[in-house]
Every structure is written in structure tokens, then in C-alpha cells.
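If you want the building blocks of each chain, they are given just below.
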Amino acid sequence: MPKHMLSARQVQVARQGDTHDGEGLILRVQGRSASWVLRYRVASGQRRDLGLGPADRSSIDAAGASLTGVRELADEARDQLKRGIDPIDARRAGSKVEWGAAMKR
């Protein structure tokens, strides 16, 4: 069972900088914007940061929903890592396929 540290309220009121939720999940606040990042290491030992999207902090309910959703995304990325797949590389490969399909239309 993952050890999560953040509550919806903590997400909503987080200050400038990085706030850790556990297992590499980070809430990054820069000025008036906030985003989610998953920090991990690949087999070679290289550290990577996977952007998981914006953090909605407009209300406590929105912050809670944002936190729940991003934890699911982070779990999916961790599952990929367990299978030996780098989530950033997988995302890029998917984008190239989508881009190629769009160019054929």
C-alpha cells in the first residue's frame, strides 16, 4: 500500500517549491501555477521527471480530485517501470505514432 503524505487541503495551500506526496510524486508550485511531477530512476540510474499535468487548486474538492487522479497516473507510470518501460519514452513513442497518423490524414 502506497504511503501518501498530502491531503487535499495541503495541495490547495502549498507554497512555492516542491512538495512531496511519496513514492516520487511531487506537487511543483511556481508562482501562481502548480503541476504534478513523478520523479524516478531508470535502470541505468539516470533520474527523470515525468510531467503529469496541472494541479487544480481552485477549491478543496478540486484539489482532492486532482490528487486522486494524479496518484492513479503515477501508479500507471510505476507499473510501466516495473515492466522495464520508461514512461517518458513510451509517451514520446505514442506521440510519434499519433503525429504520423495525423500527417497521413
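For the structure itself, look to the data block above.
Residues numbered from 1 in each chain as written. Predicted model: local features only at pLDDT ≥ 70, side-chain atom pairs only at ≥ 80, totals over all residues. Heavy atoms only, no water.

**Description of the pairing of strand β1 (residues 17-22)**
As judged from the five bridges shared by β1 and strand β2 (residues 25-30), these two strands associate in the antiparallel manner. Each bridged residue has a counterpart across the sheet, and for Gly-17 the counterpart in β2 is Val-29. Turn length for the β1-β2 hairpin, with the two strands adjacent in sequence and antiparallel, is two residues, and the turn residue Glu-23 shows positive phi of about 55 degrees. (Pairing = 2+ DSSP bridges. Helix = DSSP H or I, 4+ residues; strand = E, 2+ residues; numbered from the N terminus.)

**Section: the side chain of Ser-66**
With respect to the helices and strands, the residue Ser-66 is situated in helix α2 (residues 60-82). With sequence-adjacent residues up to four places away left out, Ser-66 is seen in contact with Trp-36, Pro-54, Ala-55 and Asp-56. (Contact = heavy atoms within 4.5 Å.)

**Here we look at the pairing of strand β4 (residues 47-54)**
Bridge analysis of strand β3 (residues 33-41) against β4 gives seven bridges, and the strand direction is antiparallel. Looking across to β4, one finds that Trp-36 is bridged to Gly-53. Taking the residues that link successive antiparallel strands as the turn, the β3-β4 hairpin has five residues, and the phi of Gly-45 there is positive, at about 95 degrees.

**Considering the pattern of salt bridges**
As enumerated under the stated definition, the model contains eight salt bridges in all. The closest approach of N and O atoms between Arg-39 and Asp-49, which form a salt bridge, is 2.9 Å. One end of the pair, Arg-39, is in strand β3; the other, Asp-49, is in strand β4, with ten residues separating them in the sequence. On the basis of relative accessible area, Asp-49 is assigned to the partly exposed category, the value being 31%. One salt bridge connects Asp-75 with Arg-78, and the closest N-O pair in it is separated by 2.7 Å. (Salt bridge = Lys/Arg side-chain N within 4 Å of Asp/Glu carboxyl O. Buried < 20%, exposed > 50% of the residue type's maximum accessible area, 1.4 Å probe, protein only.)

**Examining the sheet that holds β1**
The pairing of strands in a sheet comes from backbone hydrogen bonds and takes either a parallel or an antiparallel form. As summarised here, the arrangement of the four strands in space is β1-β2-β3-β4, forming an open sheet in which the pairing is antiparallel. A strand with exactly one partner marks an edge of an open sheet, and here the two such strands are β1 and β4. Pairs of neighbouring strands in the sheet enclose a mean axial angle of 30 degrees, with direction left out of account. Against the sheet, α2 engages β1, β2, β3 and β4, with an angle of about 20 degrees to β3. (Axes fitted to C-alpha atoms, helices over the stretch in contact; angles between N-to-C directions.)

**A look at the side chain of Arg-71**
Structurally, the position occupied by Arg-71 is in helix α2. For Arg-71, a relative accessible area of 17% gives the class buried. Contacts of Arg-71, omitting those with residues within four sequence positions, involve His-4, Met-5, Leu-6, Asp-21 and Leu-25.

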